Structure formats: C-alpha cells, structure tokens
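# Structural overview for review
Residue strings, one per chain:
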Amino acid sequence: MRQRVRLDSSAIEAVRYDREKRTLDVKFREGHSYRYMHVPEFLYRELLNAESPGALWNAVKDQFEYVKLD
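Keep in mind the model is a prediction, meaning the values are calculated, not measured.

## Digging into the pairing of strand β3 (residues 23-28)
- Burial of β3 is extensive: six of the six residues sit out of reach of the surface.
- Sheet topology note: the strand β2 (residues 12-18)/β3 ladder contains six bridges and is antiparallel. Within β3, the position partnered with R16 by the bridge is D25.
- Taking the residues between adjacent antiparallel strands as the criterion, β2 and β3 are bridged by four residues, where R22 takes a positive phi near 55°.
- Both β3 and strand β4 (residues 33-36) contribute to a ladder of four bridges, which runs antiparallel. Of the residues in β4, the one forming a bridge with V26 is Y34.
- Linkage of β3 to β4, two consecutive antiparallel strands, is achieved through a turn of four residues, within which G31 is found at a positive phi near 115°.

Written out as structure tokens, the structure reads:
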C-alpha cells in the first residue's frame with residue numbers, strides 16, 4: 001500500500017491507494033475516513049492532479065462500494 005498523500009483540497013485531507021487490492025482510502029477534512037473498492041489506478045492519479053479533488057471525487061464516488069473506517 002502506498003503512503004498517505006495529503007491533498008490541497010477543502011474537502012479531502014488525504015488519500016492512500018492500494019494497487020494490488022484496488023482500494024482507495026479517503027480521509028475527509030470533516031474527520032471521517034472511507035475505503036472505496038475496485039477503484040482504477042488512473043482515477044487515483046487523476047485525483048492527485050485534479051484542480052479540485054473534492055469535486056472530482058464527488059462526481060464519481062457513488063460508482064464504488066465502500067466501508068467506513070472510523
């Protein structure tokens with residue numbers, strides 16, 4: 001699993017991607033963390049480079065199963 005990457009986002013504090021399991025952990029600034037399943041790596045890379053990571057993730061997050069981590 002990769003290291004947690006902090007984002008310059010008003011909604012998302014940090015993300016962590018697991019290439020083998022294709023999971024994306026998202027820690028929101030509100031304090032909750034979620035693990036999203038079956039996330040393609042290209043989407044993780046787009047999230048890192050997005051002008052607004054929160055807006056991008058908000059547009060696609062409903063496509064993925066998730067569990068709350070905290």
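## What to know about the pairing of β4
- Sheet analysis places β4 next to strand β5 (residues 66-68), joined by three bridges and oriented antiparallel. The partner of Y34 across the bridge, within β5, is K68.

Cut-offs used in this document
- Residues numbered from 1 in each chain as written.
- Predicted model: local features only at pLDDT ≥ 70, side-chain atom pairs only at ≥ 80, totals over all residues.
- Heavy atoms only, no water.
- Buried < 20%, exposed > 50% of the residue type's maximum accessible area, 1.4 Å probe, protein only.
- Helix = DSSP H or I, 4+ residues; strand = E, 2+ residues; numbered from the N terminus.
- Pairing = 2+ DSSP bridges.

So yeah, pure geometry; function would need other evidence.
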